[in-house]
Amino acid sequence: MGPGARGESGGPAPLLTRPRALRPIGKVLPEHARTHNRALVLQTLYSAGAQSRADVARETGLTRVTVSDLVAELIAEGLVVELGQRGEARPGKPATLLDVDRDAYRIIGVDLSEHRRFLGAVVDLDGGIVARAEVDRAGATGERAVGLVTELVRGLLARTETPVLGIGVGSPGVVDPRGIVRSAPNLGWADVALRERLAAEFELPVHVANDANVAVLAEHGATHRDDLLLVKIGHGVGAGLIIGGRPVIGGGFAAGEIGHVVVGTDGGPRCACGRHGCLEAWLAVPRLTAQLDALDPGAPDAASARERILAEAGRRLGIVLAPVVAALNLSEVVVSGPAELLEGPLHEATVETLRTRTMAELGRDLRLRMTEQAEDIVLRGAAVMVLSGQLGVS
């Protein structure tokens, strides 16, 4: 099935507006100064909104001459616009206000973490969803799955006449900084150069990262927490981590790959990776859904059986998270996935396991909550990734 329009979004206010930067901002060495200072001006305007050139100079610590020069360049490129003169009375000539031209570009966001479908959206520079599309995955793996991603992106590009800044993709599995999906067992991918292939097909900048690492960027923009662990539960299970305001990727690009941690020594169900008892085998949405669908709804103990299945999955999640929470002294863990599965018995069992397996001081203050961004979290995170990669804005 080709990309199908799902209509314009009339939902809550965009969650990327006025985000906190993911990295410290300040002056750097002369050989990098112009690129850095350009991003610094854009970040200031993107975060603060309408500012005069003098305001930007004060905020960034750059000279007014440098700011004026950079602003002229950004206006010529269509990234910054003049909004007119400041209205309030001040001595001297009224200042002209500037802002990022938030309608100048769109971003294509793609989420490959769902097990039944691939999701995509046209996203504006503030993270608002302009249009949506999806393709039915129908169990596709390998080259068929790559073809569906290409089809989805092509359909999204056809739905906007505004220039596209870039394409952001959140993929399950281990993804290196070159956008190569080194391993995604659920998609049958090994060393798939997804960024290179999409860039060649569409002649646009492409950014590809692990879906949980992408999702945590959106959550950071919404919560502004410097220390954040987000667990993404979908076709697989992964975690995105930000510590001290910086994403943690790991030397082998596999930080957060908790889905293939074997939980316990009691065997357990077989995982897509070939082992038994991985967290993903207990917790991934297809596995949980299949177990629940196999229950006889007319049986007298159907409700309690459902609760036992969900609670066991929550207990396994708590076992994996406890050492991470303790080692990093985290006070909050965010979970993203189907609320009908993750809330209730699964949530309660996870919290109880975390509290019994960590120090009392940690457990007392620990909060486990669902993200408020629902299925859009990877799409919005993909927009953050493109903004950061193309404009230095986060």
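Here, the structure is the one placed above.
Please read these numbers as outputs of a predicted model, since none were measured by experiment.

Q: Honestly, the pairing of strand S11 (residues 206-210) in this entry has me stumped. Any pointers?
A: Every other side chain in a regular strand lies on the same face of the sheet, so the side chains alternate between the two faces. Of all the five residues making up S11, five are buried; the element is thus mostly covered by neighbouring parts of the structure. Two elements, strand S7 (residues 164-171) and S11, share five bridges in a ladder whose sense is parallel. Residue pairing across strands places Val169 opposite Val208, the latter belonging to S11.

Q: Before we go on, may I ask you to explain the nonpolar core in this structure?
A: Here is a general trend for soluble globular proteins: nonpolar side chains tend to be buried in one another's company. Counting 34 residues, the largest nonpolar core has Ile233 and Leu283 as its most contacted members. In terms of nonpolar packing, the next biggest core, distinct from the first, is built from 31 residues, Ala140, Val175, Ala184 and Leu194 among them.

Q: Honestly, the packing of helix H2 (residues 53-60) against helix H3 (residues 64-76) in this entry has me stumped. Any pointers?
A: Helix-helix packing is described using two parameters, namely the angle between the two axes and the distance between the axes. Between H2 and H3, the least distance of the axes is 9 Å, while the angle of their chain directions is 120 degrees. Crossing handedness for the pair H2 and H3: right-handed. In contact with Arg53, Ala54, Val56, Ala57, Arg58 and Thr60 of H2, H3 contributes Arg64, Val67, Ser68, Val71 and Ile75. In the contact of H2 with H3, the residues fall into six nonpolar, two polar and three charged.

Q: Help me out: how do you make sense of the sheet that holds strand S8 (residues 174-175) in this one?
A: Sheet strands associate in pairs through backbone hydrogen bonding, adopting either a parallel or an antiparallel arrangement. Strand order in the open sheet made by the three strands is S8-S9-S10, with antiparallel pairing throughout. This sheet does not close on itself; its edge strands, each paired only once, are S8 and strand S10 (189-193). Across two bridges, S8 lies against strand S9 (residues 180-184) in antiparallel orientation. Residue pairing for S9: Val175 is matched across the bridge by Val181.

Q: Help me understand the sheet that holds strand S15 (residues 332-336) in this model?
A: Strand order in the open sheet formed by five strands is S14-S13-S12-S15-S16, and the pairing between neighbours is mixed. The sheet is open, and its two borders are formed by strand S14 (246-247) and strand S16 (367-370), each paired with just one other strand. When strand S13 (residues 237-243) meets S14, the two strands line up antiparallel, connected through two bridges. Pairing of Ile243 across the sheet is with Arg246, part of S14.

Cut-offs used in this document
Residues numbered from 1 in each chain as written. Predicted model: local features only at pLDDT ≥ 70, side-chain atom pairs only at ≥ 80, totals over all residues. Heavy atoms only, no water. Buried < 20%, exposed > 50% of the residue type's maximum accessible area, 1.4 Å probe, protein only. Helix = DSSP H or I, 4+ residues; strand = E, 2+ residues; numbered from the N terminus. Pairing = 2+ DSSP bridges. Core = buried A, V, L, I, M, F, W, Y, C linked by side-chain atoms within 4.5 Å. Axes fitted to C-alpha atoms, helices over the stretch in contact; angles between N-to-C directions. Left-handed = near helix turned anticlockwise from the far one by under 90°. Contact = heavy atoms within 4.5 Å. Nonpolar A, V, L, I, M, F, W, Y, C, P; charged D, E, K, R; others polar.

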